[in-house]
Amino acid sequence: MRRRILISTLLTVALTALFLGGPLALATWQLVEDFTRAELTQRLEQVTETVEEYGTGPQSQRLVEAAIPPNSRLVVVPPDSDPIVYGVDRVDDPVTESLPFGPGGIMELSQPTSVMRSQQTQVVAVVVLLVGFSVTVGTGVAVYTARRLSDPLRDLAARAARLGAGDFRRSPARYDIAELDRVSEVLDSSATALSQLLHRERSLVGDVSHQLRSRITALQLRLDELACHPDPDARREANAALEQTERLTAVLDDLLESARAARAVGAEPVDLAEAVADAEREWRGPLTAAGRSLKVRVPEGLLARVTAARLREAIGVLVDNALQHGDGPVTISARTGENALLVEVSDTGPGVPEDLVPHVFDRGISAQSSTGLGLALARTLVEADGGRLELSRARPPVFRLYLPAARTDDVAATAPVPDRTGPR
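Residues numbered from 1 in each chain as written. Predicted model: local features only at pLDDT ≥ 70, side-chain atom pairs only at ≥ 80, totals over all residues. Heavy atoms only, no water.

- The chain has the name Signal transduction histidine-protein kinase/phosphatase MprB in an unreviewed UniProt entry, where Pseudonocardia tropica is given as its organism.
- One UniProt comment on the chain, placed under Catalytic activity (unreviewed entry), says "ATP + protein L-histidine = ADP + protein N-phospho-L-histidine."
- As its UniProt record puts it under Subcellular location (unreviewed entry), the chain is described as follows: "Cell membrane". (UniProt positions renumbered as here; feature names shortened; annotations may be inferred.)

**Notes on the nonpolar core**
A general tendency of soluble globular proteins is for nonpolar side chains to be buried together.
Point 1. In terms of nonpolar packing, the biggest core is built from 42 residues, with L272, L311, I332, L389, F399, L401 and L403 touching the most fellow members.
Point 2. Mapped by element, the contributors of at least two residues to this core are helix 6 (272–289), strand 7 (303–306), helix 7 (308–325), strand 8 (330–336), strand 9 (341–346), helix 8 (374–384), strand 10 (388–393) and strand 11 (398–403).
Point 3. Apart from the residues within four sequence positions on either side, F399 is in contact with L318, N321, V343, E344, V345, V360, F361, L375, L389, E390, L391 and S392.
Point 4. V51, V64, L74 and L109 belong to the second-largest nonpolar core, a separate cluster that totals 17 residues. (Core = buried A, V, L, I, M, F, W, Y, C linked by side-chain atoms within 4.5 Å. Buried < 20%, exposed > 50% of the residue type's maximum accessible area, 1.4 Å probe, protein only. Helix = DSSP H or I, 4+ residues; strand = E, 2+ residues; numbered from the N terminus. Contact = heavy atoms within 4.5 Å.)

**Description of the environment of A394**
Point 1. When you line up the elements, A394 lands in the loop between strand 10 and strand 11.
Point 2. Residues A394 and L356, spaced 38 residues apart in sequence, show a C-alpha to C-alpha distance of 9.6 Å.
Point 3. Every residue in contact with A394, bar those within four places of it in the chain, is listed here: G351, V352 and V357.

**Examining the packing of aromatic side chains**
Point 1. By the definition in use, this model includes 1 aromatic pair.
Point 2. When the centroid spacing of 6.1 Å and the interplanar angle of 85 degrees are considered together, the rings of F361 and F399 count as edge-to-face. Here the residue F361 occupies a position in the loop between strand 9 and helix 8, and F399 occupies one in strand 11, the gap between them amounting to 38 residues. Taken as a pair, F361 and F399 share a single burial class, namely buried. (Phe/Tyr/Trp six-rings, centres within 6.5 Å; stacked < 30°, edge-to-face > 60°.)

**Regarding the sheet that holds strand 3 (residues 94–101)**
Point 1. An order of 2-1-4-3 is seen for the 4 strands of this open sheet, with the pairing classed as antiparallel. Single-partner strands in this sheet number two, and they are strand 2 (84–87) and strand 3. Between one strand axis and the next, the sheet turns through 15 degrees on average, direction left out of account.
Point 2. The pairing of strand 1 (residues 73–77) with strand 4 (residues 105–112) spans 5 bridges and is antiparallel. Residue pairing for strand 4: V77 is matched across the bridge by I106. (Pairing = 2+ DSSP bridges. Axes fitted to C-alpha atoms, helices over the stretch in contact; angles between N-to-C directions.)

**Considerations on unusual backbone geometry**
Point 1. In this structure, the amide linkage connecting R395 to the following residue, P396, adopts the cis form with an omega of -15 degrees.
Point 2. Within the secondary structure, P396 is located in the loop between strand 10 and strand 11.
Point 3. Phi at N71 is positive, roughly 60 degrees, even though this residue is not glycine.
Point 4. Structurally, N71 is set in the loop between helix 2 (58–67) and strand 1.

**Things to note about the UniProt feature "transmembrane region" (unreviewed entry) in the chain**
Point 1. Within this structure's numbering, the places UniProt gives as "transmembrane region" (unreviewed entry) are residues 123–144.
Point 2. Summarising residues 123–144: 100% helix, 0% strand, and an end-to-end C-alpha distance of 32 Å.

**Comments concerning empty space enclosed by the protein**
Point 1. In total, this model carries 1 cavity of 30 Å³ or more according to the counting rule given.
Point 2. The calculated volume of the largest cavity comes to roughly 50 Å³.
Point 3. Every residue along the wall of the largest cavity is listed here: V306, R310, L311, A314, L381, V382, D385, G387 and L403.
Point 4. Secondary-structure elements contributing two or more residues to the lining of the largest cavity are helix 7 and helix 8. (1 Å grid on protein atoms, 1.4 Å probe; cavity = no way out; pocket = protein on both sides within 12 Å on 5 of 7 lines; lining within 4 Å. Points joined across faces, edges and corners; volume = space filled by probe spheres on them.)

**Thoughts on the pattern of salt bridges**
Point 1. In total, this model carries 18 salt bridges according to the counting rule given.
Point 2. The salt bridge partner of E243 is R247, with a shortest N-O separation of 2.9 Å. Of the two residues, E243 and R247 both sit in helix 5 (residues 232–263), 4 residues apart, roughly one turn of that helix.
Point 3. E243 sits in the partly exposed class, given a relative accessible area of 40%.
Point 4. A relative accessible area of 48% places R247 in the partly exposed class.
Point 5. Among the salt bridges present, the one from R395 reaches E354, with a minimum N-O distance of 2.9 Å. Here R395, found in the loop between strand 10 and strand 11, pairs with E354, found in the loop between strand 9 and helix 8; they are 41 residues apart in sequence, far enough to count as distant.
Point 6. According to the relative accessible area criterion, R395 is partly exposed, its value standing at 45%.
Point 7. In this structure, a network of salt bridges that share partners links the residues E33, R37 and E97. (Salt bridge = Lys/Arg side-chain N within 4 Å of Asp/Glu carboxyl O.)

**Details of a negative patch on the surface**
Point 1. On the surface, E45, E49, E52 and E53 cluster together into a negatively charged patch.
Point 2. Note that E52 resides in helix 1 (residues 2–54).
Point 3. The exposure class of E52 is exposed, given its relative accessible area of 53%. (Patch = residues over 30% accessible without salt bridge, like charges linked within 9 Å, V, L, I, M, F, W, Y side chains within 5 Å. Areas by Shrake-Rupley, 256 points an atom, 1.4 Å probe, with all protein chains shown as cover. Lys, Arg positive; Asp, Glu negative; His and termini not counted. Charge placed at Lys NZ, Arg CZ, Asp CG, Glu CD.)

**Side note on the pairing of strand 9**
Point 1. Burial of strand 9 is extensive: 6 of the 6 residues sit out of reach of the surface.
Point 2. Side chains L341, V343 and V345 project from strand 9 onto one buried face, and the interleaved L342, E344 and S346 project onto a second face that is buried too.
Point 3. Pairing geometry for strand 8 and strand 9, over 6 bridges, is antiparallel. Its bridge partner being in strand 9, A334 is matched across the sheet by V343.
Point 4. Where strand 8 folds back on strand 9, the antiparallel hairpin that results is connected by 4 residues.
Point 5. Judged from the 6 bridges that link them, strand 9 and strand 11 form a sheet pairing that is antiparallel. Along strand 11, the bridge assignment pairs E344 with R400.

Okay, structure coming up:
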């Protein structure tokens, strides 16, 4: 888009310069010639008045020579005498103007064309400089306008892509362009609505799953008691009901697993060292500007089955939280747990107040004047890939991510196939 805006604006400037600058240069060229001839005619009128008043005597000769331009030639032809020549004897390539005087007399004043051409060249050069200045200014305006429009659009496209990847953070960026600011506000409101919708959906699924499991467990206990009834018909029906209950439990497990797989459809083996390195590059600058440091302790070879964009955003939210509410150096570490990979983000600040510990991941809950959406968003991002985010320690704060480890078949599927085609 930037290229199209730049080319169209430069084309407009070039056409304007061509269709205005060309005629203007021709007009000024002709105007200088008209002024030169008008000046010669004016000098002839002065000479005519002098000759008519003083005649052609010595006093008149001095006045006439003072009135004609340098390197010029004036020829006075009286009606009844020989011509009188003033100035130089010969003018090469002259510009000549004549004027009648008296009864039958004529005066002719000639000036070198080079003088007029020099003036014309100077004026046209000024016009060319003005046109060049206009083109330069137009080019600068075109570059600025193209960047002014294309950079915000690229930023909005990147934000839309992050929104599709599950990053529901609001962006404070505004561009002082009413239409683009409106799009940015709509993206922010859409991100908030999608985040709330996703949170409600997962909460509903969790609640329904918990309630169903509780009721099915209670039903199984009742059926187990019925299976011990002395009546063989009752025992047979109880066992059949138990079998159906077990099938129902299996169906519920399959549905929940399918829902988790659908949420983590973009999950793939991700090297934790690379993901943390991306977060380090993003946040080391802001931490250094705040007079704090960032320590990274992530061994090589830890592969988690997650969505790379979600993991980076979740870690970014935790580091940002440590920057805004914590103190001292921020540490990102990773290790292998029993059934998952563990990533911890910690600092040496005062931590989470005791009354906020149970609600630290609730939306709208914050120890300071922030929105209280960051930690809830981080938990949503981690849970979308089948992981878990918890507050491991309140003071000093330690947030721990439990990430599913990549399976062997996942790693094999993403590994490059070696080229076995040797020379024949």
